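Inside the fold
Listed below, chain by chain, are the residues.
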Amino acid sequence: MDNKDKLSEIKEKRKEWEEKVLMPSAKRFGIEKSPTEFYTPLDIADFDFERDVGFPGQYPFTPSAYPISLVPRIEKGAKPGGLKRAGTYSGYGTPEDTRDYYKQMAKIMYTGGPNLALDLPTQCGYDSDNETVEGEVGKVGVAIDTLRDFEVIYEAFTGEQDLDRIATNITISAAANILVAMYIALAEKRGINMAKLRCTPQNDILKEFVSRGTYIFPPRPSMRMFRDSVVFFTENLPGVNITSIGGYHIREGGATREQELAFSMAIGIAYLQEGVNAGVDIDAFAPKFTFNGFGGSMQLFKEVAFQRAARRMWAKILKERFGAKKQDSMRIRCPLSAHIGCSSTTKQRALNNLSRSVVGAIAGVLSGGSPMAFPPYDEPLGLGWSLEARQLAEDATRIVMYETGMCDVIDPLAGSYYVESLTNEIEDAAWKGLEKIEGIGGAVTAIENGYMQRECARSAAERQARIERREELIVGVNCFTEEYELDVTTSKIIEHPYSEEKRYDAEKKQKANLAEVKRTRNNREVTRLLKELESAAKKEDENLMPLFINLAREYATLQEQCDVLRGVFGEWQLDTFV
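These remarks concern the structure in this document. Starting afresh in each chain, residues are numbered from 1 along the sequence in its written order. Totals for whole chains, interfaces and linings use all residues, but because this is a predicted model, local features are given only for residues with pLDDT of at least 70 and pairs of side-chain atoms are given and counted only at 80 or more. Hydrogens and waters are ignored; side-chain quantities use all the structure's heavy atoms.

**Here's the deal with the overall build of the chain**
Rules: Strands here mean DSSP runs of E at least two residues long; helices mean DSSP runs of H or I at least four residues long; both are numbered from the N terminus. Atoms counted for the radius of gyration: C-alpha only. Globule rule: 2.2 Å times residue count to the power 0.38. The contact rule is simple, with two residues in contact once any of their heavy atoms fall within 4.5 Å. For accessible areas, the Shrake-Rupley method is used with a probe of radius 1.4 Å. Any residue's cover is judged against the shown protein chains and nothing else. For this count, His and the chain ends are skipped, Lys and Arg are scored as positive, and Asp and Glu as negative. The atoms used to mark charge sites are NZ of Lys, CZ of Arg, CG of Asp and CD of Glu.
What the chain contains, in helices and strands, is 22 helices and six strands. In terms of C-alpha radius of gyration, the chain reaches 25 Å, essentially the compact-globule figure of 25 Å for 578 residues. For the chain, long-range pairs separated by at least 24 residues make up 78% of all intrachain contacts whose partners lie at least 6 apart in sequence. On the chain, roughly 26,200 Å² of surface is accessible, and the fraction owed to carbon and sulfur atoms is 51%. Positive and negative side-chain charges in the chain, numbering 74 and 86 respectively, have mean positions lying 2 Å apart.

**Quick word on the pairing of strand β3 (residues 167–170)**
In plain terms, the rule: We treat two strands as partners when DSSP finds at least two bridges between them. By definition, the crossover connecting two strands over a helix is right-handed if that path, from the first strand to the second, turns clockwise as seen with the strands pointing away from the viewer.
Across two bridges, strand β2 (residues 113–116) lies against β3 in parallel orientation. Within β3, the residue paired with Asn115 across the bridge is Asn169. Bridging between β3 and strand β4 (residues 198–201) involves four bridges; their strand directions are parallel. Across the sheet, residue Asn169 finds its bridge partner in β4, namely Thr200. Handedness of the β3-helix α6 (residues 176–189)-β4 crossover: right-handed.

**Quick word on helix α8 (residues 219–236)**
We count it as follows: A helix is expected to span 1.5 Å multiplied by its residue count minus one. Classification of residues uses two cut-offs on accessible area relative to the type maximum, computed with a 1.4 Å probe and protein chains only: under 20% is buried, over 50% is exposed, and between them is partly exposed.
Here α8 is 18 residues long and its end C-alpha atoms lie 25 Å apart, about the 26 Å a rise of 1.5 Å per residue gives. With 14 of 18 residues buried, α8 is to be regarded as a mostly interior element.

**A short note on the nonpolar core**
Our working definition: Residues grouped as a nonpolar core are buried Ala, Val, Leu, Ile, Met, Phe, Trp, Tyr and Cys residues, joined through side-chain atoms within 4.5 Å.
Counting 122 residues, the largest nonpolar core has Phe150, Tyr154, Leu206 and Met452 as its most contacted members. The dominant element in this core, judged by the number of residues it contributes, is α6, at 11 residues. Sequence-distant contacts of Tyr154, defined by excluding residues within four places in its chain, comprise Pro114, Leu116, Leu163, Ile166, Thr168, Tyr183, Leu186 and Arg190.

**Here's the deal with the state of the cysteines**
For clarity, the threshold we go by: Any two cysteine sulfur atoms lying within 2.5 Å of each other are counted as a disulfide.
Taken as a whole, this structure holds zero disulfides when the rule is applied. Among the cysteines around Cys124, which has no disulfide bond, Cys562 carries the closest sulfur, lying 9.7 Å off. By relative accessible area, Cys124 is classed as buried at 18%.

**Points about a negative patch on the surface**
Note the following rule: Patch criteria: residues need more than 30% relative accessible area and no salt bridge. Like-charged residues are merged within 9 Å; nonpolar side chains of Val, Leu, Ile, Met, Phe, Trp and Tyr are merged within 5 Å. Salt bridges, as used here, are contacts in which a Lys or Arg side-chain nitrogen is within 4 Å of a carboxyl oxygen on Asp or Glu.
Taken together, Asp2, Asp5, Glu9 and Glu12 make up a surface patch of like negative charges. Along the chain, Glu9 falls in helix α1 (residues 3–28).

**Things to note about the packing of aromatic side chains**
The cut-off we apply is this: The pairing test for Phe, Tyr and Trp rings, Trp by its six-membered ring, is centres within 6.5 Å, and the orientation test on the planes gives stacked under 30 degrees, edge-to-face over 60, and tilted for anything in between. Lysine and arginine charges are scored as sitting over a ring when NZ or CZ, respectively, is within 6 Å of the ring centre and within 35 degrees of the ring normal.
Throughout the structure, instances matching the rule amount to 23 aromatic pairs. Taking the centre distance of 6.4 Å and the plane angle of 55° together, the rings of Phe150 and Tyr183 count as tilted. Placement of the pair is Phe150 in helix α5 (residues 147–153) and Tyr183 in helix α6, with a sequence separation of 33 residues. By the burial criterion, Phe150 is buried, and Tyr183 matches it. Grouped by ring-pair contacts, the aromatic residues Tyr92, Tyr101, Tyr102, Phe150, Tyr154, Phe157, Tyr183 and Tyr498 constitute a single cluster. Positioned above the aromatic ring of Phe306 is the side chain of Arg251, whose terminal nitrogen or guanidinium carbon lies 5.0 Å from the ring centre.

**Some details on the pattern of salt bridges**
Counted according to the given criterion, the structure contains 44 salt bridges. The partner of Arg165 in a salt bridge is Glu160, with the nearest N and O atoms 2.8 Å apart. The class for Glu160 is exposed, based on a relative accessible area of 60%. Between Glu438 and Arg321 there is a salt bridge, with the nearest N and O atoms lying 2.6 Å from each other. On the criterion of sequence distance, the pair formed by Glu438 in helix α16 (residues 417–440) and Arg321 in helix α12 (residues 300–321) is long-range, its members being 117 residues apart.

**Quick word on the environment of Thr481**
Looking at where Thr481 falls in the secondary structure, it is placed in the loop between α18 (451–468) and α19 (500–520). For the pair Thr481 and Met372, spaced 109 residues apart in the sequence, the C-alpha separation amounts to 29 Å. The residues contacting Thr481, other than those within four sequence positions of it, are Arg349 and Gly476.

**Observations regarding the packing of helix α20 (residues 523–537) against helix α21 (residues 545–553)**
Geometry of a packed helix pair, given as the angle between the helix axes and the separation of the axes. Note the cut-off: What counts as an axis is a line fitted to C-alpha atoms, over the stretch in contact for a helix, and the angles between N-to-C directions run from 0 to 180 degrees. Working rule for angles: under 35 degrees goes down as roughly parallel, over 145 as roughly antiparallel, 65 to 115 as roughly perpendicular, anything else as oblique. For a crossing to be left-handed, the near helix must be turned anticlockwise from the far one by less than a right angle; the clockwise case is right-handed. Nonpolar residues are Ala, Val, Leu, Ile, Met, Phe, Trp, Tyr, Cys and Pro. Charged residues are Asp, Glu, Lys and Arg, and all others, Gly as well, are polar.
With their axes 10 Å apart at the nearest point, α20 and α21 run at an angle of 165° to one another. By the angle class used here, α20 and α21 are roughly antiparallel. Classified by chirality, the crossing of α21 by α20 is left-handed. Taken together, the residues of α21 that come into contact with α20 (itself represented by Val526, Leu529, Leu530, Glu532, Leu533 and Ala536) are Leu547, Phe548, Asn550 and Leu551. Per-class residue counts for the contact of α20 with α21 are eight nonpolar, one polar and one charged.

**Some remarks on α1**
The test is simple: A residue's bend is simply the angle between two axes: one fitted to the seven residues ending at it, one to the seven starting at it.
For α1, spanning 26 residues, the distance from its first C-alpha to its last is 36 Å, which sits close to the expected 38 Å at 1.5 Å a residue. Within α1, the axis deviates most sharply at Glu18, by approximately 40°. In the segment just after α1, Gly30 is the residue with positive phi, at about 75°.

**Things to note about the side chain of Arg349**
What counts here: By the criterion applied in these results, polar contacts are pairs of N or O atoms within 3.5 Å in which, for protein atoms, one can donate a hydrogen and the other can accept it, and in which residues neighboring in sequence qualify only through two side-chain atoms.
Mapped onto the fold, Arg349 is located in the loop between α13 (327–330) and α14 (352–366). One polar contact links the side chain of Arg349 to the main-chain carbonyl oxygen of Phe480, over a distance of 3.0 Å. Excluding residues that lie within four positions of it along the chain, Arg349 makes contacts with Val475, Gly476, Phe480, Thr481, Glu485, Leu486 and Asp487.

**Focus: a nonpolar patch on the surface**
A contiguous nonpolar patch, built from Trp17, Val21 and Phe38 and spanning about 290 Å² of accessible area, is present on the exposed surface. Note that Val21 resides in helix α1. Classification of Val21 as partly exposed rests on a relative accessible area of 47%.

**Digging into unusual backbone geometry**
The omega torsion of the bond from Tyr59 to Pro60 falls at 10°, within 30 degrees of zero and hence cis. With respect to the secondary-structure elements, Pro60 resides in the loop between α2 (49–52) and β1 (86–90). The step from Phe374 to Pro375 runs through a cis peptide bond, and the omega angle for that step is 0°. For Pro375, the position within the fold is in the loop between α14 and α15 (387–402). For Asn203, which is not a glycine, the phi torsion comes out positive at approximately 45°. Here the phi dihedral of Asp411 falls at roughly 50°; this positive angle occurs in a residue that is not glycine. Tracing the backbone shows Asp411 in the loop between α15 and α16.

**A word on the side chain of Glu96**
Along the chain, Glu96 falls in helix α3 (residues 95–107). Reaching out from Glu96, the side chain makes a polar contact with the side chain of Arg148 at a distance of 2.4 Å. Setting aside its immediate chain neighbours within four residues, Glu96 contacts Arg148, Val152 and Asn513.

Below, the structure written as structure tokens:
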């Protein structure tokens, strides 16, 4: 019997089952329609294993980005396969506060280079002494004004942990090139060639316009800055990634998973096209693209399918649209697979977030990645995770890794009628969303006219309405909230690693630090270089990275450089798109 005849037989059998078994059972419980679905080969009638799934680590990458899923050694701080990776996203207060934090974490075996969280003034290109940002310095991340601040932070990383032996993440987009230049200047002062650096700046400016908001310049001049990254990093920084695309932020900003995938792919295409337009070979720079992570939810199977669809879609775009030849160009490099997303955590009965994160860790394995019980349960309770919450999250991840046997197989749901159908459904919806953006003129135009922003806002409002109508249930928030329900907490064993006192004293101290830098540096040379930057910025084809490095060497401030560029590029003013 051929496949067509077999499918016809299954179709007849299903009809018979629905009439004789399913409906009588539903009527017995007083319902007209079954609350559950059942999938069969009919739902993936044209399924082709090699085309739709393939093998792990090989085009189309549906089951996994890599052929092997490595579990770390059984020791604290170990990385899978001994890879050099940055540590946990962190940073607060002054550079001295963050330096001391990293030293403290190293003593308890939280290893890896810094994964820098920066305060909002830094992310938006303002110095700590600007009156506009008063009250924000050092609050949600560490303040960075000049090379001096990098010098202080990296006092925690010397010897076996020197810059050529660690990996650094710098979570900034609008001024990413300026901070990478400071990192390069720091390496030079230590006698380390820039070619030996391992670093990942976020450098994903388009998602800032869509959801996160820490932009400075309008979209098109911002893309000119991104082009400079592609060209300079490809030519001079083999160990530095160009971007860490953040679909995660778009979902957290309200987008549905299908919108997130469409928007992320559109943004990725815009970045890739910048490199191609600059004359860089796609296979020379595409492997240096990473993804910070996609969004997540509590809908386990849909998040599993989402990850599979994302890998397949990106691979098709690189191969079919951009003509990439290398498998590395087509691979989504992402440290985080399926997870629940921070917006799935609740302030109410916060310890329940641990249970939620375990669901996410299991989804991570089932989606062809590594498990990660993320985020720690106290994510919604304030800045920085407590060590108690981190311990519970790490242990939850370890239990999934070492006790369940789940990591013994990659993509165990491959071939599932339901999961394959769901993967196709999500990918098809994302392609349609991408086609709409392409019809508008691409990601940049869809941002300039507010299309992506409006879509995120609309979807966010729709979800909130579902929660309020109790169509979407959240335990402890809109159901099971009676007085007799217990709010279980954990004991506080150790002081929070972020000092509130230091965080609130940071602004005064950082202003003093900055004043001393301005007093002692060669101000005449800084002024000369800033004029040179202004002249270069007016020339569309000029790459600004060498000038940023020269300015970093002379301790020019972040805002001094951004102000020059504001004068040439203008500032992006958020219109009312909603």
